[in-house]
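Structural overview
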Amino acid sequence: MNPENRIRVVFLTPEMAPLAKTGGLADVTGALPRYLARNPEVEVAVIMPLHREVRKKNLPLKPVFEQLTVDWPGQEKAFSVREFQADGFRVYLIDNNRLFDRDYLYSRPEGDYPDNGERFAFFSLAALKTLQALSLKPDIIHAHDWQSAPAFAYLRHRPAADGFFDGTRLLFTIHNLAYQGLFPPDLLGRVGLPGHLFNPEDLEFYGQVNFLKAGLLYSDAISTVSPTYSREIQTAEFGCGLEGVLRKRSERLFGILNGIDYQDWNPETDPALPAHYSPGNLAGKSVCRLELLRHFNFSPDPVRPVVGMVSRLAGQKGFDLLVRSLDQLLKKELYLVILGTGEIEIQNLLVEAWRKYPDRLGLKIAFDDRLARLIYAGSDFFLIPSRYEPCGLTQMYSLRYGTVPVVRSTGGLKDTVFEFNPATLEGNGFLFQEYQTGPLVEAVSRALTFYRREPFWSRLVENGLGSNFSWEKSAEDYLNLYRQMLSWPAARFS
Ligand code: ADP
Ligand code: GLC
């Protein structure tokens, strides 16, 4: 532990809200450090790339190092480091124009950047170098997703000669097992990792280099973002080919449910909303609903329920199932509004559907945080038909904004949404199991039967508003895991 006897935790992450965000990972790495840092026993720092998106925000960034270098095959590669002071912790930003000053974080709509392997290997190595240059010796390096996993490969297989990281424990969090960072075998040499790691016991995976495996194999502990997902990923159905690796490490695999930031996501204060409301007085929610209908040019229909969706447009999120279900779904008296951005094929499917049903389907292809918040607040129901969902935050935001989730029973959705029971008035939403049109449409129909029918409706909304998914508990769980890791024999990297 560092001299003040505090546990020093350093997050490595490719994104963090509000600096740069494509999905829930950013929400987690933006909120969890703040909650951890509230505990005087913990000191937290975050390291992430200086993406163009961060630059464009014109935040006060302090220069820390004008020029650091890492050993890179054939040359030394330079970067600079800037610092952003977040609420309770510092964020160190790795600045290399050529690699990070780009329109998108990882992929254009037509596909991934071809040099993502180099980009994030470099980020990982530069992050370690930054810690050394700062003399900031971590007790725990907490790396998130495949983009920061190469750090653990460098630590284990190209350790700092001075033993700087000896004693540091390594935690890897899987936010999404399907994104593994797969690259051709020659990548190892190009990023300065030893070629012998290209074997099945290390980073080889069906003929490619798999960066995520570095996080799974070289960490002291692995966590993932819900208890159900931690079990699912040990099965062939959800393990994405890595179930064997995960089963082998099951004693070191922990499922900790994400929280949501109750300060940031609060219908009583959210500046994105045209009116505010609280569990005790929901009048403002109707104003948000009207504004949402207006936004999508729908008539202000007081009776027809609004079903909202806010999502990355990715295979995971179940849009193929949604589109297949639309004919049946939109026969019902409802409006469906969708905000999303991502894969071009899914965009095209949705645009086509919108052309067919312009009077009931509202579609916005964009990343728009304000509109997302209006949808959480202004919808009556929120639909998440995911194929799989490691945790999912949008169902929790919906509950927090008094909107009833209808979700597929998988991963973290299963751990946070509970089927409403009209006999006991318990439960906060509606679930379906099979990834098929029938069950999805039935779940929506079930939900609609209770729409504005008392006493059911008030209880449903109340039960949602009363759920507690604040970060306080989850941050405590992470802290306990850090403590447990520190009780394990100290690692040496040499
Ligand atoms: P994932 O990380 O798989 O995308 P999550 O449910 O964990 O799913 O988190 C999604 C986060 O991204 C939420 O904060 C959601 O509001 C946000 N989000 C997703 N798509 C959009 C969009 N098009 N515009 C604004 N916010 C979005
Ligand atoms: C991933 C998952 C999502 C989870 C988020 C934050 O993007 O897809 O389910 O909520 O990470 O952990």
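Residues numbered from 1 in each chain as written. Chains lettered and ligands numbered in written order. Predicted model: local features only at pLDDT ≥ 70, side-chain atom pairs only at ≥ 80, totals over all residues. Heavy atoms only, no water.

A few words on the domain arrangement of the chain. When cut into domains, the chain gives domain 1 (3–259 + 473–486) and domain 2 (283–467). Contacts between domain 1 and domain 2 engage 19 residues on the former and 21 residues on the latter. Here domain 1 packs against domain 2, burying approximately 1500 Å² in sum over the two surfaces, 57% of which is carbon and sulfur. The largest contributions to the domain 1 side of the interface with domain 2 come from P109, T228 and L257, which together make up 25% of the buried area. Between domain 1 and domain 2 we count 9 residue pairs in polar contact (both at pLDDT 80 or more) in total. Of all elements in the fold, only α1 (24–37) and α9 (227–232) reach the threshold of two or more residues within the side of domain 1 that touches domain 2. Looking at the side of domain 1 that touches domain 2, the element that brings in the most residues is α9, giving 4 residues. (Domains from an automatic or database assignment. Contact = heavy atoms within 4.5 Å. Buried area = accessible area lost by both parts, 1.4 Å probe. Polar contact = N/O pair within 3.5 Å; in protein donor to acceptor, adjacent residues only side chain to side chain. Helix = DSSP H or I, 4+ residues; strand = E, 2+ residues; numbered from the N terminus.)

What follows is about the site of ligand 2. Lining the immediate environment of ligand 2, one finds 14 residues, of which H175, N258, Q316, E389 and G392 sit closest. Within the contact set of ligand 2, an oxygen atom lies 3.0 Å away from a backbone nitrogen or oxygen of C391. Bound to the protein, ligand 2 loses 93% of the 310 Å² it would expose on its own. No other element matches the 3 residues that α1 contributes to the shell around ligand 2. For the shell around ligand 2, the two domains that each supply at least three residues are domain 1 (3–259 + 473–486) and domain 2 (283–467). (Near = heavy atom within 4 Å. Areas by Shrake-Rupley, 256 points an atom, 1.4 Å probe, with all protein chains shown as cover.)

For ligand 1, the set of nearby residues contains 23 residues, the closest of which are G24, D27, R312, A366 and Y376. Interatomic distance of 2.7 Å between a side-chain N/O atom of Y376 and an oxygen atom of ligand 1. When isolated, ligand 1 has an accessible area of 560 Å², and the protein chains bury 94% of it. When contributions to the shell around ligand 1 are tallied by element, the ones reaching two or more residues are α1, β15 (306–313), β16 (335–342), α14 (369–378) and α15 (394–400). Looking at the shell around ligand 1, its residues break down into 8 nonpolar, 8 polar and 7 charged. When residues of the shell around ligand 1 are sorted by domain, at least three fall in each of domain 1 (3–259 + 473–486) and domain 2 (283–467). (Nonpolar A, V, L, I, M, F, W, Y, C, P; charged D, E, K, R; others polar.)

Further remarks concern the packing of helix α11 (residues 283–295) against α14. It is at 8 Å that the axes of α11 and α14 come closest, and there the two elements cross at 125°. Of the possible angle classes, the one that applies to α11 and α14 is oblique. For α11 against α14, the interelement crossing comes out left-handed. For the pair α11 and α14, the contacting residues are K285, C288, R289, E291, L292 and H295 in the first and L371, L374, I375, Y376, A377 and G378 in the second. Among the residues making up the contact of α11 with α14, the classes are represented as 7 nonpolar, 2 polar and 3 charged. (Axes fitted to C-alpha atoms, helices over the stretch in contact; angles between N-to-C directions. Parallel < 35°, antiparallel > 145°, perpendicular 65-115°, else oblique. Left-handed = near helix turned anticlockwise from the far one by under 90°.)

Between A17 and the following residue, P18, the backbone shows a cis peptide bond with an omega angle of 5°. Relative to the helices and strands, P18 is located in the loop between β1 (7–12) and α1. Residue D145 is not a glycine yet carries a positive backbone phi of 60°. Along the chain, the position of D145 falls in helix α5 (residues 145–148). For L425, which is not a glycine, the phi torsion comes out positive at approximately 60°. Along the chain, the position of L425 falls in the loop between α16 (411–416) and β20 (430–432). Among the residues examined, L425 registers a relative accessible area of 17% and is labelled buried. (Buried < 20%, exposed > 50% of the residue type's maximum accessible area, 1.4 Å probe, protein only.)

Here we come to helix α4 (residues 116–133). Helix length check: α4, at 18 residues, gives a terminal C-alpha distance of 25 Å against a target of 26 Å (1.5 Å per residue), a fit within 8%. Of all 18 residues making up α4, 15 are buried, and the element is well covered by its neighbours. One or two positions beyond α4, positive phi appears at S135, with a value near 55°. (Expected span 1.5 Å × (residues − 1).)

Before going further, it helps to spend a moment on the layout of surface pockets. Computed from the structure, the second largest pocket encloses a volume of approximately 520 Å³. Together, 29 residues line the second largest pocket, and A17, P18, D27, D264 and R373 are the ones closest to its centre. Those elements that place two or more of their residues in the lining of the second largest pocket are α1, β4 (75–86) and α14. It is α1 that contributes the most residues to the lining of the second largest pocket, 6 residues altogether. Each residue belonging to the lining of the second largest pocket can be placed in one class, and the counts come to 15 nonpolar, 3 polar and 11 charged. Split by domain, the residues of the lining of the second largest pocket number at least three in each of domain 1 (3–259 + 473–486) and domain 2 (283–467). (1 Å grid on protein atoms, 1.4 Å probe; cavity = no way out; pocket = protein on both sides within 12 Å on 5 of 7 lines; lining within 4 Å. Points joined across faces, edges and corners; volume = space filled by probe spheres on them.)

This paragraph deals with the sheet that holds strand β5 (residues 89–95). Strands sit in the order β3-β4-β5-β2-β1-β8-β9-β13-β14 across an open sheet of 9 strands; the sheet is mixed. The open sheet is flanked by β3 (62–72) and β14 (253–255), the only strands paired with a single partner. Here the average twist between neighbouring strands, direction ignored, is 25°. In the packing of helix α6 (residues 150–157) onto the sheet, the strands contacted are β1, β3, β8 (140–144) and β9 (169–174), and the crossing angle to β9 comes to about 155°. Sitting on the sheet, helix α19 (residues 471–486) is in contact with β1, β2 (42–49), β8, β9, β13 (221–224) and β14, with an inclination near 145° to β9. (Pairing = 2+ DSSP bridges.)

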